[in-house]
Structure formats: structure tokens, C-alpha cells
Amino acid sequence: MQYDKAKIEQWIKAFKIALIESNTQEAFMLTQNLPFDTSMSMNNADKELLEYLDIAKELISQTIDLLESSQHDTRQQMEKIRQAKKFFS
């Protein structure tokens, strides 16, 4: 099975940086541009590719957690704005 090891490693590195920086936009964009051929059969996948896929799965899971946290923070900020607006009205 052929895959671009350098491209996958570059994607993983960029993904880790986005998560460390809590850059939700970049992390989301990376989830939309997977370096894997999604039509690949896993029957012939080698151990290295499976490890890359495991790493990708974990990074995407962390992105979901980051996005959910960001969404929660945004909701709290919106509620504070509503309360302030109500107070000044």
C-alpha cells in the first residue's frame, strides 16, 4: 500500500501545533484535509499506517474536545453580554 509518509508526518506536526496553540480554525481545517486516501482498504494496511491513523484519530478527538470547550466559552460570553445589555436597558 502506498502513502506519502512525509505528507502525513507534516500534517501530524501541523495538527499538534494547532492544538498546542488552541487554534480551533487551523485544527478544524486540518480535519477537513486528511492526508490519507479515504478509499484505502484497511485489509492491507501496514503497521506504520495504522499507527498514523491512530495518531490522527487521537488528534481529531482532541480537536472535538477543543471545539466543544470553545463553544462553551462562547456561550458563556454571550450570556454575559446579554446580562450586561439587559442591565443597561
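See the structure printed just above.
Residues numbered from 1 in each chain as written. Predicted model: local features only at pLDDT ≥ 70, side-chain atom pairs only at ≥ 80, totals over all residues. Heavy atoms only, no water.

A. A look at the overall build of the protein chain. Of the regular secondary structure elements, the protein chain holds three helices and zero strands. From first element to last, N terminus to C terminus, the protein chain shows the α and β order α-α-α. Here the protein chain holds 89 residues, and the buried ones make up 21% of them. Summarising the internal contacts of the protein chain: among those between residues at least 6 apart in sequence, 70% fall at separations of at least 24. Here the protein chain displays about 7000 Å² of accessible surface, and carbon together with sulfur accounts for 51% of that area. (Helix = DSSP H or I, 4+ residues; strand = E, 2+ residues; numbered from the N terminus. Buried < 20%, exposed > 50% of the residue type's maximum accessible area, 1.4 Å probe, protein only. Contact = heavy atoms within 4.5 Å. Areas by Shrake-Rupley, 256 points an atom, 1.4 Å probe, with all protein chains shown as cover.)

B. The arrangement of the packing of helix 1 (residues 5-20) against helix 3 (residues 47-88) in detail. Two elements in contact, helix 1 and helix 3, have axes whose closest approach is 11 Å; the angle formed by their N-to-C orientations is 25°. Accordingly, the angle class assigned to the pair helix 1 and helix 3 is roughly parallel. Helix 1 and helix 3 meet at a crossing whose hand is left-handed. Counted together, Lys5, Ile8, Glu9, Trp11, Ile12, Phe15, Lys16 and Leu19 of helix 1 and Glu48, Leu49, Tyr52, Ile55, Ala56, Leu59, Ile60, Gln62, Thr63 and Leu66 of helix 3 form the full contact between these two elements. The residue inventory of the contact of helix 1 with helix 3, partitioned by class, reads 12 nonpolar, two polar and four charged. (Axes fitted to C-alpha atoms, helices over the stretch in contact; angles between N-to-C directions. Parallel < 35°, antiparallel > 145°, perpendicular 65-115°, else oblique. Left-handed = near helix turned anticlockwise from the far one by under 90°. Nonpolar A, V, L, I, M, F, W, Y, C, P; charged D, E, K, R; others polar.)

C. Fine view of the packing of aromatic side chains. The final tally for this structure, using the stated rule, is three aromatic pairs. An aromatic cluster is present here, built from Trp11, Phe15 and Phe36 joined pairwise through their rings. (Phe/Tyr/Trp six-rings, centres within 6.5 Å; stacked < 30°, edge-to-face > 60°.)

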